[in-house]
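Now for the letters of each chain:
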Amino acid sequence: GGAGGRGREGRMRSPCRKGGEVNVVRKLAQRETSRRANRTFVRSNAHEKFKGYQLCADLDTHDPKASQLRLAFLKKRSKIMEIVAAKDVIFALAASGVCVAYARGARDRGNTRLCFLNISPYEVIRSLFYNKANNSIITVSVYKQDNFSSLNCRSTPLEYIKRKQPDAGFPIFESESLKYPGFVEFDDVNGKVLTYSATDKVYKVWDLKNYTHLYSIHDKNIHEIKISPGIMLLIYHKSPSSGQVPLKILSIENGDVLQSFKHQLHRSKKIDFIEQFNEKLLVKQENENLQIIDVRTGDRTEVSSSHFMTPSAFIFLYENQLFLTFRQRNVAVWNFRGEKVTSFEDHTLWHPDCNTNNIYITSQQDLIISYCKQQDGSEIGSINVSNILNGSCVARVRIRPGNVKDRMALEDVTALFYNEERNEIYTGNKDGKVHVWSN
């Protein structure tokens, strides 16, 4: 989900599903790994970890002299849409479609631009995915040749990027016609890729490690597919006569049908969302209560629509059996009994549209790091680190008084990433610059 209104193209899962329903975010699935650590240590350690953070480097994606960029708009300054770090390489993608890789040096050695990932002069990169399964970066691009209409995926091993050889990567999913409404979705949790080819209306599941095709789903009645750990939920088109929506749960490994059932809906009301999380199904229609159904037992819980309002995005926390909702600028944490378990002390998002490229959740799912509004109403935001389980604010990165560089860096943050290995935060701004914050 959530890549700044870019539709479903690099759907990881990007928002704006067809039919204009709620934006459901799965972008952060790539950070939703399952790992249990000594949590109490982690929590007390978090404050120390972010203490004394300050600006220590800035990188510029804009290079009007870059000979490999032929399209005029690639030479213009544009905001950073996405930042991904893989070990000591930082990737920054600008809204224009330019993607740059940098080697993050030691403090005293500085940082070097390794290469542009645009290997053709007419290539516009739409999204990025760091594939931990084989240590490579996947780019999803469109090209001028076909009027920017088809998605093209390539996988480039990190070692080639470090050697400044971005053209040593290789195309993947070439057999698929990924024109709109086709899409590609990368799923780190299960180590799978889901593609939808619009021309032959076929969904395919691939292995994320070696990109081999595992199985296909030929079914023209599918409205949407949702992925969660171990399973896929197939949502079919609602029957206009009965108001029922047919659903199937498949094993993600081999596509076997584990369960088929129908869910009764209010005939005339639009579906806000249907989401699957392990054995729980979440269903919400316009102005109706949220229903949480256990698909194994049939037990259902209703949550009043005044208590649970339709969010613009979700993030499922597989580790803690909780989920985050984003509505306007507010983040809340819920359990599967429909109870709100956390309200945040100081975590009001700066952007009202919930662009999850401005939000990072740690792999242990205990901290959320976002670009936030300051409580004093300052016209410049801060980077806030909050504890997901109790809502407390662990740390804030703010402008140091009178510091012009800090001010420029924090003035309009459009993307954010936390490098857990290096304990550094990277932010991108509207001018196409990336800033490194560290202690």
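Residues numbered from 1 in each chain as written. Predicted model: local features only at pLDDT ≥ 70, side-chain atom pairs only at ≥ 80, totals over all residues. Heavy atoms only, no water.

Student: Could you give me a rundown of the nonpolar core, with the residues and numbers involved?
Tutor: Phe50, Ile83, Ile369, Ile383, Ile425, Tyr426 and Trp437 are the most contacted members of the largest nonpolar core, which has 38 residues in total. Per-element tally for this core: the top contributor is strand 30 (residues 413-419), with five residues. In contact with Ile369, other than residues within four places in its own chain, are Phe50, Asn358, Ile359, Tyr360, Ile383, Asn384, Val385, Leu416, Tyr418 and Ile425. (Core = buried A, V, L, I, M, F, W, Y, C linked by side-chain atoms within 4.5 Å. Buried < 20%, exposed > 50% of the residue type's maximum accessible area, 1.4 Å probe, protein only. Helix = DSSP H or I, 4+ residues; strand = E, 2+ residues; numbered from the N terminus. Contact = heavy atoms within 4.5 Å.)

Student: Help me get a handle on the sheet that holds strand 1 (residues 54-60), residues and values and all.
Tutor: Spatially, the four strands line up as an open sheet ordered 1-32-31-30, and their pairing is antiparallel. Each of the sheet's edge strands pairs with one partner strand only, and the pair in question is strand 1 and strand 30. Going across the sheet, the axis of each strand differs from the next one's by a mean of 20°, ignoring polarity. Bridging between strand 31 (residues 424-429) and strand 32 (residues 433-438) involves four bridges; their strand directions are antiparallel. In the sheet register, Thr427 faces strand 32, and the bridge partner there is His435. (Pairing = 2+ DSSP bridges. Axes fitted to C-alpha atoms, helices over the stretch in contact; angles between N-to-C directions.)

Student: Tell me about the sheet that holds strand 23 (residues 322-327), and name the residues and values.
Tutor: The strand order 22-23-24-25 describes an open sheet built from four strands, whose pairing is antiparallel. In the strand order of this sheet, the two ends are held by strand 22 (313-317) and strand 25 (340-343), each with one partner. Strand-to-strand twist of the sheet, defined as the mean angle between neighbouring strand axes without regard to direction, takes the value 25°. As defined by bridge partners, strand 23 adjoins strand 24 (residues 330-334) across five bridges and the pair is classed as antiparallel.

Student: I'd like a rundown of the pairing of strand 13 (residues 213-218), residues and numbers included.
Tutor: Sheet topology places strand 12 (residues 202-207) next to strand 13; five bridges connect them, and they run antiparallel. Bridge pairing in strand 13 places Lys204 opposite Ser216. Between the antiparallel neighbours strand 12 and strand 13 lie five residues, among them Tyr211 with a positive phi of about 65°.

Student: Can you tell me about unusual backbone geometry, naming the residues and giving the values?
Tutor: Cis geometry marks the peptide bond from Tyr180 to Pro181, where omega comes out at 5°. With respect to the helices and strands, Pro181 occurs in the loop between strand 9 (170-172) and strand 10 (183-187). The backbone of Gln328 sits at a positive phi, close to 55°, despite the residue not being glycine. Tracing the sequence through the fold places Gln328 in the loop between strand 23 and strand 24.

Student: Describe the confidence of the model for the protein, listing the residues and the values that go with them.
Tutor: Mean pLDDT over the protein: 85, with 86% of residues reaching 70 or higher. Low pLDDT (under 50) marks residues 1-41, which in the prediction has 144 contacts with non-local residues, meaning those over four places away or in another chain. (pLDDT = per-residue confidence, 0-100.)

Student: Hey, could you go over the pairing of strand 25 for me, with residue numbers and the actual values?
Tutor: As paired elements, strand 24 and strand 25 share three bridges and run antiparallel to each other. What sits directly across from Ala332, in strand 25, is Ser343. Here strand 24 folds back onto strand 25, and the loop between the two strands holds five residues, one of which, Gly338, carries a positive phi near 80°.

Student: How would you sum up the pattern of salt bridges? Please name residues and give values.
Tutor: Enumeration according to the criterion identifies 19 salt bridges in this entry. With its nearest N and O atoms 2.8 Å apart, the salt bridge here joins Asp406 to Arg400. In this structure Asp406 comes out as buried when scored by relative accessible area, which is 1%. In this structure Arg400 comes out as partly exposed when scored by relative accessible area, which is 31%. With its nearest N and O atoms 3.2 Å apart, the salt bridge here joins Glu424 to Arg422. You can call Arg422 partly exposed: its relative accessible area is 28%. (Salt bridge = Lys/Arg side-chain N within 4 Å of Asp/Glu carboxyl O.)

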